[in-house]
Protein chains: 2
Amino acid sequence: MNTHVEDCHITVIGAGTIGLSIAALHLMHLKTASSLTIVDIRPDLRSHILTYLPTFLPESLHICVPQVGLASTLPDAVRHSTIVQECGPENLEFKSALWAEVERHAPLDALFWTSTSGIPASRQNIQMRDPSRLIVVHPFNPPHILPLLEIVPSPKTSQSVIDRTIDFWIKRGREPVLLQKEITGFVAGRLAWALLREAIHLVDQDIVTVQQLDRIIETSMGPRWAYAGPFKSFHAGGGPDGLEGLLNLVRHTVQACWDDAGRVNMGDGWENKVVVQTREAYGAPNLEERDRANRMVLRAVQEAKRETDALD
Amino acid sequence: MNTHVEDCHITVIGAGTIGLSIAALHLMHLKTASSLTIVDIRPDLRSHILTYLPTFLPESLHICVPQVGLASTLPDAVRHSTIVQECGPENLEFKSALWAEVERHAPLDALFWTSTSGIPASRQNIQMRDPSRLIVVHPFNPPHILPLLEIVPSPKTSQSVIDRTIDFWIKRGREPVLLQKEITGFVAGRLAWALLREAIHLVDQDIVTVQQLDRIIETSMGPRWAYAGPFKSFHAGGGPDGLEGLLNLVRHTVQACWDDAGRVNMGDGWENKVVVQTREAYGAPNLEERDRANRMVLRAVQEAKRETDALD
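Each chain has its residues counted from 1, running along the sequence as written. Note on labels: chains are lettered from A, ligands numbered from 1, in written order. The predicted origin of the model limits local features to residues at a pLDDT of at least 70 and limits the giving and counting of side-chain atom pairs to 80 or more, whereas totals for whole chains, interfaces and linings rest on all residues. Only hydrogens and water are removed before side-chain values are computed, so all heavy atoms of the structure are retained for them.

## Re the overall build of chain A
Let me state the cut-off plainly: The helix and strand labels rest on DSSP assignments: H or I over at least four residues marks a helix, E over at least two residues marks a strand, and numbering proceeds from the N terminus. Radius of gyration here is computed from C-alpha atoms only, and the compact-globule reference equals 2.2 Å multiplied by the residue count raised to the power 0.38. Categorising residues by exposure relies on relative accessible area from a 1.4 Å probe, with only protein chains included: less than 20% of the type maximum marks a residue as buried, more than 50% marks it as exposed, and the intermediate range marks it as partly exposed. Contacts are assigned to residue pairs that have any heavy atoms within 4.5 Å of one another. All accessible areas in this document rest on Shrake-Rupley with a 1.4 Å probe, and a residue is counted as covered only by the protein chains that are shown.
Secondary structure assignment for chain A yields 13 helices and eight strands. What you see for chain A is a C-alpha radius of gyration of 22 Å, in line with the 20 Å of a compact globule of 312 residues. Its C-alpha atoms put chain A at 60 × 55 × 40 Å along the principal axes. Residue burial in chain A is summarised as follows: out of 312 residues, 59% are buried. Counting only contacts in chain A whose residues sit at least 6 apart along the sequence, the fraction spanning at least 24 positions is 71%. Accessible surface for chain A amounts to roughly 12,600 Å². Of this, 51% is attributable to carbon and sulfur atoms.

Okay, here's the thing in structure tokens:
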């Protein structure tokens, strides 16, 4: 099998937002002799794809959209696949039945990727004859722009599947990060939800509004973390002793924040305040602006790093 | 009193990293007939300022550095101040004694700002005759670049002090955010430490390394939050029902992450692993690159928003 850019037959299962964004990402890297197929049971699949897939693509690639293969049944969709990437509903029964069927019809060396944000491969693979073939490839929304892919094998996933998966994404300039063990919600999700829990608490306690809280992030941690994650940032902020110096300096404040942290739960009654404030602050989101901003931020970080290399 | 750009006599207390960065920020906005004074007890204050203050400034402003007033005693430093901004050590005894002395020597209408990251104004003001004058103005490191200022009054801070403080920063194009109540660690800190706690847990459990965790943030939440904070981002990712739709979709995964969240504490024994991995990954930080990247990211977000306005 060949996971090089050439000769790659990719099947995306599910034509929802994530499926279309993933499909767009593959289209941007697709070369002659390769193919992309989308499978979904929706009856209007063709018009749906023709309408929405272009919104994820630069204009120069709109002409490729009619060449995307469409399928309404799994056996047809995966028969010649090199890669099957599932972006279906977050439902264990659906996913575990799906992989058993995919396995019956796909080529023996095809890679099986699930985009799940929460159901580990070790639960999705229970009906498979060969569970070594399945691996989580968890993108971050929107995946055609943000480079992260969390690669999460089950204990049964083979090393060759792990290696070929990482190799595929590195060759496409993306950022696959291999988790050493399965864990609830994976890493990006856990970090985002941890911050969100505290954010909800602070809005619920009327310390700040939803919009104030967002502005705080957008003018502090956001720009900082776009360039350097929390450890690298705190290391840079700690003076000659780096992260260790910083931790010594702030340990009492940090521990006090941890001791006082919010412990909101789903269904606790904060939902209405948070949802109403968010709707009133933002109305209908401007996804075009979001995508443009995300692209430009990523480019800015690359340019800043390139300038360093040029200065050295 | 006049907090307009003109006629502003600013005294910065403390010539550490934050003090110098704040001083640089003021220099960038200082006009004729205004002045900046730095007070610090270090004996090498003049050479310290001449050496390090320029590193926070664009080259065109290096010529202003020798014009910065220097003082080694408080009474001299604050006698003519419009604003006294304290960037001293995080120590309650130091700060509360300081404000009592500042109050004795500064003009009656001078604003008193503390850059503390954790000691609220209501504790710092206990020795003041008029505690209505003190307010927290908490910057985010590095303050000459990142726009956020958390404005945190004590229950005794006067409305006029709040208004003049916010007005000052808005006129300088910064982002003052007024917290409605005092709270341990303020908002930005609580959010950053909440995420850091989970980050430490994930490294401590060997799910990912320090560097992998940073890369995860840099290629997902970082660029996203540089443009839109968590509520705005999740609202945009939730389809037609916005944040509400998103919460309904992920509520079980999110609650599972919250139930399973790490509860590390300072001194639990994770420090060595985290500090060693950080040092090995990053060595000596490149602050020039960091500052350049942060500036370029902020500019990228502004440009993306300007393009929207141009398209409308």
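## Some remarks on the pattern of salt bridges
Heads up, the condition is: Any Lys or Arg side-chain nitrogen found within 4 Å of a carboxyl oxygen on Asp or Glu counts as a salt bridge.
Tallied over the entire structure, the rule returns 26 salt bridges over all chains. Put simply, K273(A) and D206(A) hold a salt bridge, and the shortest N to O gap is 2.8 Å. Taken together, the residues span a long stretch of sequence, with K273(A) in helix α12 (residues 271-282) and D206(A) in the loop between α7 (186-204) and α8 (210-218) at a distance of 67 residues. The partner of D44(B) in a salt bridge is R42(B), with the nearest N and O atoms 2.9 Å apart. R42(B) sits in the partly exposed class, given a relative accessible area of 31%. Put simply, E86(A), E90(A) and K95(A) are held in one network by salt bridges that share partners.

## Focus: the side chain of E289(A)
Convention followed: Two residue types count as positive, namely Lys and Arg, and two as negative, namely Asp and Glu; His and chain ends fall outside the count. The definition of a polar contact used here is a pair of N or O atoms within 3.5 Å, where within protein one atom must be able to donate a hydrogen and the other to accept one, and adjacent residues in sequence count solely through side-chain atom pairs.
Tracing the backbone through its elements, the reader meets E289(A) in helix α13 (residues 287-311). Within the buried set, E289(A) has no salt-bridge partner at all; the shortest N-O distance to an opposite charge, 4.6 Å, is to K232(B). A distance of 2.5 Å separates the side chain of E289(A) from the side chain of T308(B), its partner in a polar contact. If sequence neighbours within four positions are ignored, E289(A) has contacts with Y227(B), A304(B), K305(B) and T308(B).

## Concerning the UniProt feature "site: Important for catalytic activity" (unreviewed entry) in chain A
All names here are of chain A. Heads up, the condition is: UniProt positions are given in the numbering used here, feature names are shortened, and annotations may be inferred rather than shown by experiment.
Those places that UniProt annotates as "site: Important for catalytic activity" (unreviewed entry) correspond, in this numbering, to H138. Counting through the fold element by element, H138 comes out in strand β6 (residues 134-139). Classification of H138 by relative accessible area gives buried; the value is 9%. Beyond its immediate sequence surroundings of up to four residues, H138 is in contact with T114, S115, T116, S117, L148, L149, E150 and F186.

## A word on the sheet that holds strand β4 (residues 83-86) of chain B
Hydrogen bonds between backbone atoms are what pair the strands of a sheet, whose relative direction is either parallel or antiparallel. All names here are of chain B. Heads up, the rule is: Two strands are said to pair when DSSP picks up at least two bridges between them. Lines fitted to C-alpha atoms define the axes, with helix axes restricted to the stretch in contact, and inter-axis angles between N-to-C directions lie between 0 and 180 degrees.
Pairing in this open sheet of eight strands is mixed, and the strands run β3-β2-β1-β4-β5-β6-β7-β8 from one edge to the other. Strands with a single pairing partner mark the edges of an open sheet, and in this sheet they are β3 (69-71) and β8 (175-178). Averaged over all pairs of adjacent strands, the angle between strand axes in this sheet comes to 25 degrees, irrespective of strand direction. Helix α2 (residues 45-52) rests against β2 (35-39) and β3 of the sheet, and its axis sits at about 140 degrees to β3. Lying over the sheet, helix α7 (residues 186-204) contacts β6 (134-139) and β7 (148-153), oriented at roughly 120 degrees with respect to β7.

## Quick word on the sheet that holds strand β4 (residues 83-86) of chain A
All names here are of chain A. Here we have eight strands laid out as an open sheet, ordered β3-β2-β1-β4-β5-β6-β7-β8, and mixed in their pairing. Each edge of the open sheet carries a strand with a single partner, namely β3 (69-71) and β8 (175-178). Between one strand axis and the next, the sheet turns by 25 degrees as a mean value, whatever way the strands run. In this structure, strand β2 (residues 35-39) lies alongside β3, joined through three bridges in parallel fashion. Bridge assignment links T37 to a residue of β3, and that residue is G69. The sheet strands contacting helix α2 (residues 45-52) are β2 and β3, and the helix crosses β3 at an angle near 140 degrees. Against the sheet, helix α6 (residues 159-171) engages β1 (9-13), β4, β5 (111-114), β6, β7 (148-153) and β8, with an angle of about 70 degrees to β5.

## Focus on the state of the cysteines
To keep it simple, the criterion reads: The criterion for a disulfide is a pair of cysteine sulfur atoms lying within 2.5 Å.
For the structure on display, the rule yields zero disulfides over all chains. For C8(A), which is in no disulfide, the shortest distance to another cysteine sulfur is to C87(A) and amounts to 15 Å. Residue C8(A) is classed as buried on the basis of its relative accessible area, which comes to 1%. Cysteine C257(B) remains unbridged, with the sulfur of C87(A) as its closest cysteine sulfur at 20 Å.

## Focus: unusual backbone geometry
Cis geometry is found at the peptide bond from N141(A) to P142(A), where omega equals -5 degrees. Looking at the element boundaries, P142(A) is found in the loop between β6 and β7. Although it is not a glycine, F186(B) sits at a positive phi angle of roughly 55 degrees. Relative to the helices and strands, F186(B) is located in helix α7. For F186(B), a relative accessible area of 0% puts it in the buried group. Look at D206(B): it is not a glycine, yet its phi comes out positive at around 60 degrees.

## With respect to the packing of α8(A) against α7(B)
To be explicit about the condition: Roughly parallel means an angle under 35 degrees; roughly antiparallel, over 145; roughly perpendicular, 65 to 115; everything else is oblique. Each crossing gets its hand from how the near helix is turned against the far one by less than a right angle, where anticlockwise is left-handed and clockwise is right-handed. Three classes are used: nonpolar for Ala, Val, Leu, Ile, Met, Phe, Trp, Tyr, Cys and Pro, charged for Asp, Glu, Lys and Arg, and polar for all others, with Gly counted as polar.
With their axes 10 Å apart at the nearest point, α8(A) and α7(B) run at an angle of 70 degrees to one another. Taken together, α8(A) and α7(B) sit at an angle that is classed as roughly perpendicular. Handedness of the crossing formed by α8(A) with α7(B): right-handed. Every residue of α7(B) that contacts α8(A) at L213(A), I216(A) and I217(A) is listed here: V187(B), A188(B) and L191(B). Considering only residue class, the contact of α8(A) with α7(B) consists of six nonpolar, no polar and no charged.

## Observations concerning the confidence of the model for chain A
For clarity, the cut-off: pLDDT gives the predictor's per-residue confidence on a scale running from 0 to 100.
Residue-level pLDDT values for chain A average 95, and 98% of them are 70 or greater. The ipTM for the predicted assembly is 0.96, set against a pTM of 0.95.

## Quick notes on the interface of chain A and chain B
Where the parts come together, the accessible area they lose is often given as the size of the interface. Which entries qualify depends on this criterion: As a working definition, buried area equals the accessible area (1.4 Å probe) given up by two parts on being put together, with both sides summed.
The interface is formed by 112 residues belonging to chain A together with 112 residues belonging to chain B. Both sides of the chain A and chain B interface together cover about 10,800 Å² of buried area, and 70% of this is carbon and sulfur. Counting across the interface, chain A meets chain B through ten salt bridges. Of the charged contacts, one joins E307(A) and R292(B) as a salt bridge, the two residues approaching to 3.5 Å between their closest N and O atoms. Summed over the shared surface of chain A and chain B, the result is 44 residue pairs in polar contact (both at pLDDT 80 or more). When residues in the side of chain A that touches chain B are grouped by element, the largest group, 18 residues, is from α13(A). Classifying every residue of the side of chain A that touches chain B by side-chain character gives 61 nonpolar, 25 polar and 26 charged.

## A few points about the relation of the copies chain A and chain B
Applying a rotation about an axis and a shift along it to one chain copy brings it onto the other copy. Stated formally: Fitting of the copies onto one another was done by least squares over C-alpha atoms, counting residues only where both copies have pLDDT of at least 70.
Least-squares fitting of chain A to chain B yields an RMSD of 0.0 Å, with the superposition described by an axial translation of 0.0 Å and a rotation of 180 degrees. When the rotation and shift are considered jointly, the pair of chain copies conforms to a two-fold rotation axis. Most of the interface of chain A is mirrored in chain B, where 100% of its interface residues again form contacts.

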